[in-house]
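# Topology and contacts: notes
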Amino acid sequence: MNEGEVFHEKQRLELCAIHALNNVLQERVFTKETADDICKRLAPQCVVNPHRSMLGTGNYDVNVIMAALQSRELAAVWWDKRRTVQNLCLTKVQGFILNVPSRVSLGIVSLPLRRRHWLAVCMVNGQYYNLDSKLKNPVCIGGEAELCSFLREQLAPEVAEMLLVVRQEVEEDGSWLSPDNPRTDSL
């Protein structure tokens, strides 16, 4: 990757979780094989693994993402949507992995079905990028204000969720939350 380039894996099979992980880390770290190994560790006795598609084409769940991040000394913090994204301490967040509804397509034909899709957002060279693997190219979101607007829009559907990708110590001390908005158990 040259300076100024943004790493962006494109969608293949049902591997959006792997693409989101690699895109948020800005390098190819995880493969289908490493994700399948994580699935086996998470459910060693299962004939049909509950953490991926029965067909073996991917469709990995959040447990695989969390275990993959832990292997890199990172953590996934589940974002409480009752909070406003302005409460984030963005300097402590390495990136975002969102789980959003997505249309199903067969080639150029869009079906009236929706499935869950993982996508990544992170900062590269001072700008935030939408690194959705379904996009042809990364899309520059802009700075902090534009990021907050983008995240609010993505989280608007009731079923949308967001994980903050942070260092393990940031997850442990809760410093991903702005000090102006201290974390309380009631949130």
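Located above this text is the structure these notes cover.
Nothing here was measured: the structure is a model prediction, and the numbers come from that model. (Residues numbered from 1 in each chain as written. Predicted model: local features only at pLDDT ≥ 70, side-chain atom pairs only at ≥ 80, totals over all residues. Heavy atoms only, no water.)

A few words now on the overall build of the protein chain. Per the secondary structure count, the protein chain includes five helices and six strands. Its helices and strands taken in sequence order, the protein chain reads α-α-α-β-β-β-β-β-α-β-α from the N to the C terminus. Every one of the 187 residues in the protein chain was classed for burial, and the buried ones make up 49%. At a minimum sequence separation of 6, the contacts of the protein chain that also span at least 24 residues come to 60%. (Helix = DSSP H or I, 4+ residues; strand = E, 2+ residues; numbered from the N terminus. Buried < 20%, exposed > 50% of the residue type's maximum accessible area, 1.4 Å probe, protein only. Contact = heavy atoms within 4.5 Å.)

So, about helix α4 (residues 144–155). The first and last C-alpha atoms of α4 sit 16 Å apart over 12 residues, in line with the 16 Å expected at 1.5 Å per residue. Leu147, Cys148, Phe150, Leu151, Gln154 and Leu155 are the residues of α4 that are buried. In an axial view of α4, the angular spread of the buried residues amounts to 165°, which keeps them on one side of the axis. Across from the buried face of α4, at angles greater than 90 degrees, the exposed residues are Ala145 and Glu153. (Expected span 1.5 Å × (residues − 1). Arc of directions from axis to C-beta.)

Two side chains that carry opposite charge are able to pair once their charged atoms sit near each other. Applying the stated rule across the entire model yields six salt bridges. Several salt bridges share partner residues, and in doing so they unite Glu73, Arg167 and Glu169 into one network. (Salt bridge = Lys/Arg side-chain N within 4 Å of Asp/Glu carboxyl O.)

Take the nonpolar core next. Of all hydrophobic cores here, the largest spans 30 residues; its most connected members are Ile65, Ile97 and Trp118. Those elements that place two or more of their residues in this core are α1 (16–25), α2 (32–42), α3 (62–70), β1 (74–78), β3 (109–124) and β6 (161–167). Considering every element that reaches this core, the biggest residue donor is α1, with seven residues. Those residues in contact with Ile65, other than ones at most four positions away along the chain, are Ala17, Leu21, Ile97, Trp118 and Leu163. The next biggest cluster of nonpolar side chains, apart from the first, holds 26 residues, and it includes Val77, Val100, Phe150 and Trp176. (Core = buried A, V, L, I, M, F, W, Y, C linked by side-chain atoms within 4.5 Å.)

So, to be careful, I would describe these as geometric facts and stop short of saying anything about function.
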